[in-house]
Amino acid sequence: MSEGIKPKFFYGYIVVAASFLIILLMWGTFYSFGVLLKPLVADFGWTKETIAGAYSLAHLLSGFLGIVTGRLTDKFGPKVIILVCGPLLGLGYLLMSGLSTIWQLYLFYGVMIGTAMSGTVVPLTSTVARWFVKRRGVMMGTVLAGFGAGIMIMPVMISHLLYSYGWSTSCKIIGSMVLVLVVAAAMFLKRDPSKIGLSPYGYNEPDKAGQSLQTNDFSFQEAVHFKQFWLMCAITLCFGFCTQVIMVHIIPHAIELGISAEKAATILATLGGVSIASRIILGSAADRVGPRLTFSITFIIAAVALLWLIPSNVLWMLYLFAVIYGLAYGGESALRPLMVAELFGLSSHGVTHGVVLVNIAIGGAIGPLLAGRISDIYGSYSLIFEICAVLGIIAFILTLFIKPTTSNEGISEELSREGL
């Protein structure tokens, strides 16, 4: 590794830009599922619970396979992963255009698109973490702002396409666009700076306090011996449940309140737009005051938003919810990989973050499915929003128990487990 090379333009910024675009396209498309829910109910007569089950399967599969793609990224880098997963997402939407039976929805969306989504967050965030030591927070926030940009752009765009062409043609257009653009962006990805004779940005430089910016570095096998790892898993499980209830059901909820489909889509777009700024601002704040404090503040915001959602029954109240929750949603996704890096290091960041992310997938699979069932039975989302508020408060409380990791702590716990 050439520690002295400091080119005028650091290639890591190209990696960040490519990663941002990939997240925008793939997750913006994935999170547009709620736009399709009502048209599919109308055309096929399936229940919301049945349709949401395909999304839940996709979310669950993406999380568990994220462990695999994280491990593969640690070994081979992100380009190969994205070159497989991007086209798979596009193909899934192209096949969705010919839906006629429910098993096709579960195969094309649940299995194919779920598999495709596993190769995005963990490979890209682990790659960016390797490119930056200094400015890691703001760069991670910039990449993950692609979530917000995608949520702001894609649901509204797909809503317009549905109005003009119907859901089938819209799936063809979106699938083709994603396939081409993701493949193009993936060509700019490189696993780490050493591949082109560079060092990570800020490598071995002191921080403002004059201390090294390097952290403890634990393998995944060592990380699981820390209580901090299990706290992160519990927190992300709660947050995944709440967030995916919102992503899938906030648009149908708004429509059932008498709000038009296009205005309902702008609620989700507002959430996404706010989360863009949140990821960058809170990522930058983490660089200054540390990820742990910023992480806790994020979950205070989430709890407040979810409590506000319970009585929200008019458009302005839902917009205000979207603004507040957008701050939390953006902050959590930007800070989570930073927390994993700070607590456990980078040598196994891909697989460690991948396992933490599985809990978002588990919560995100249960939440939309349960919300659909509750809505089908009671004709209202009130109960599920109350459940989300409780989980938001629990997640915040758990953040207060996360402390820094130390080598002695991990070793002593490992020895005690082995009976030494």
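Worth saying up front: this structure is predicted, and the values here are computed from it rather than measured.

### What about the pattern of salt bridges?
Taken as a whole and assessed by the stated rule, the structure comprises 5 salt bridges. Measuring nitrogen to oxygen at the nearest pair gives 3.4 Å for the salt bridge that ties Lys38 to Glu256. Remark: Glu256 occurs in helix α9 (residues 227–256) and Lys38 occurs in helix α2 (residues 33–44); sequence separation between them is 218 residues. Residue Arg336 pairs with Glu332 through a salt bridge whose shortest N-O separation is 2.9 Å. One end of the pair is Arg336 and the other is Glu332, both in helix α12 (residues 315–344) and 4 residues apart, which spans about a single turn. As far as burial versus exposure is concerned, Arg336 and Glu332 are alike and both buried. It is possible to trace a salt-bridge network through shared partners that takes in Lys38, Lys48 and Glu256.

### What about the confidence of the model for the protein chain?
For the protein chain, per-residue confidence averages 84 on the pLDDT scale, and residues scoring 70 or more make up 90% of the total. Looking at the elements of the protein chain, mean pLDDT is at its lowest for helix α15 (residues 407–418), recorded as 47, and at its highest for helix α14 (residues 382–399), recorded as 94. Across residues 1–5, confidence stays below pLDDT 50; counting only partners more than four residues off in sequence or on other chains, it has 13 contacts. Taken together, the stretch residues 207–214 has pLDDT below 50 and engages in 13 contacts with residues farther than four places along the chain or on a different chain.

### Regarding α14
Each turn of an α-helix holds 3.6 residues, which means side chains three or four residues apart point in the same direction. The end-to-end C-alpha separation of α14 is 26 Å, in line with the 26 Å expected for 18 residues at 1.5 Å each. Of all the residues in α14, the buried ones are Ile384, Phe385, Cys388, Ala389, Leu391, Gly392, Ala395 and Thr399.

### Examining a nonpolar patch on the surface
On the surface, Leu307, Ile310, Ile393, Ile397, Leu400 and Phe401 cluster together to form a nonpolar patch covering roughly 510 Å² of accessible area. By secondary structure assignment, the location of Ile397 is in helix α14. The class of Ile397 is partly exposed, set by a relative accessible area of 41%.

Conventions we followed
Residues numbered from 1 in each chain as written. Predicted model: local features only at pLDDT ≥ 70, side-chain atom pairs only at ≥ 80, totals over all residues. Heavy atoms only, no water. Salt bridge = Lys/Arg side-chain N within 4 Å of Asp/Glu carboxyl O. Helix = DSSP H or I, 4+ residues; strand = E, 2+ residues; numbered from the N terminus. Buried < 20%, exposed > 50% of the residue type's maximum accessible area, 1.4 Å probe, protein only. pLDDT = per-residue confidence, 0-100. Contact = heavy atoms within 4.5 Å. Expected span 1.5 Å × (residues − 1). Patch = residues over 30% accessible without salt bridge, like charges linked within 9 Å, V, L, I, M, F, W, Y side chains within 5 Å. Areas by Shrake-Rupley, 256 points an atom, 1.4 Å probe, with all protein chains shown as cover.

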